[in-house]
Amino acid sequence: MHGLGNDFMMIDGINQTVKLDSAQINRFSDRHFGIGFDQLLLVEPPTTSEALFKYRIFNADGGEVEQWGNGARCFAQFVRHQKLTEETLIPVETCAGLLRLRVIDDVRVEVNMGVPNFDPEHIPLDLPQRKASYSVSIGDTNVEFMALSMANEGYQQAKQKALENKQLNQDVYLLNEV
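Residues numbered from 1 in each chain as written. Predicted model: local features only at pLDDT ≥ 70, side-chain atom pairs only at ≥ 80, totals over all residues. Heavy atoms only, no water.

(A) Geometry of the pattern of salt bridges. Scanning the model with the defined rule gives four salt bridges in all. Between Glu64 and Arg56 there is a salt bridge, and its shortest N-O distance comes to 3.0 Å. A residue is classified by how much of its surface remains accessible, and Arg56, at 22% relative accessible area, is partly exposed. The closest approach of N and O atoms between Asp105 and Arg108, which form a salt bridge, is 2.9 Å. Using a relative accessible area of 27% as the deciding quantity, one classes Asp105 as partly exposed. Its relative accessible area of 46% is what places Arg108 among the partly exposed residues. Here the salt bridges do not stand alone but share partners, grouping Glu44, Arg56 and Glu64 into one network. (Salt bridge = Lys/Arg side-chain N within 4 Å of Asp/Glu carboxyl O. Buried < 20%, exposed > 50% of the residue type's maximum accessible area, 1.4 Å probe, protein only.)

Encoded structure:
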């Protein structure tokens with residue numbers, strides 16, 4: 001499954017027991033010898049009565065992250081497609097707290113990810129003070145961007161992916177998406 005350029009491996013942990021370690025996730029993520037994906041999304045039973053599901057997100061290296069907007073949209077479509085729920089309002093438990101997903105139709109999902117944090121130390125961004133915008137030079141190109149955290153590592157991953165692929169225009173696009 002994919003959303004806005006990110007591809008995901010989805011696992012139903014409601015109807016089966018799932019035990020994965022970071023080495024297994026890393027092997028699955030390999031695009032040459034595994035399934036290949038950016039993140040693995042695991043659907044689990046909730047641990048709170050406020051949520052319908054627990055949603056865990058693992059990067060390709062096996063590390064767990066707090067939340068991911070593109071993944072949350074795919075998560076909502078997955079739980080409905082797998083008939084785990086028929087609800088259109090889906091409260092989901094994450095490491096970062098409760099996310100509220102609203103399925104609009106078969107292709108659109110709205111994600112309320114909470115209040116953004118603009119403080120550099122919470123992004124993390126190694127700068128002494130908060131500013132309205134920042135600038136970074138990548139080769140001969142200067143990119144101006146706004147930085148915020150929605151409890152994910154999207155900026156760092158998007159920038160790294162763009163640098164690896166030498167797609168600076170994609171980097172600007174991804175910065176705007178994150």
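(B) Region of the structure containing the side chain of Asp38. Looking at the secondary structure, you find Asp38 in the loop between α1 (22-29) and β3 (39-44). Within polar-contact distance, the side chain of Asp38 engages the side chain of Arg31 at 3.1 Å. (Helix = DSSP H or I, 4+ residues; strand = E, 2+ residues; numbered from the N terminus. Polar contact = N/O pair within 3.5 Å; in protein donor to acceptor, adjacent residues only side chain to side chain.)

(C) Quick peek at the environment of Phe145. Mapping Phe145 onto the fold places it in strand β10 (residues 141-145). Of the residues examined, Phe145 reaches a relative accessible area of 9% and is grouped as buried.

(D) How the structure looks around the environment of Asp119. For Asp119, the position within the fold is in the loop between β8 (109-112) and β9 (134-138). Look at Asp119 and you get partly exposed, because its relative accessible area is 27%. In this structure, the C-alpha to C-alpha distance between Asp119 and Lys131, residues 12 residues apart in sequence, is 8.7 Å.

(E) Looking closely at the nonpolar core. Counting residues in hydrophobic clusters, the biggest one holds 21 residues, and the most contacted among them are Tyr55, Phe75, Val79, Ile90 and Leu101. Looking at this core, the elements that each hand over two or more residues are β2 (6-12), β3, β4 (53-59), α2 (69-81), β6 (89-94), β7 (97-103) and β8. When residues in this core are grouped by element, the largest group, six residues, is from α2. Among all residues touching Ile90, those that are not within four sequence positions of it are Leu52, Phe53, Ala76, Val79, Arg80, Thr85, Leu99, Arg100, Leu101 and Val103. (Core = buried A, V, L, I, M, F, W, Y, C linked by side-chain atoms within 4.5 Å. Contact = heavy atoms within 4.5 Å.)

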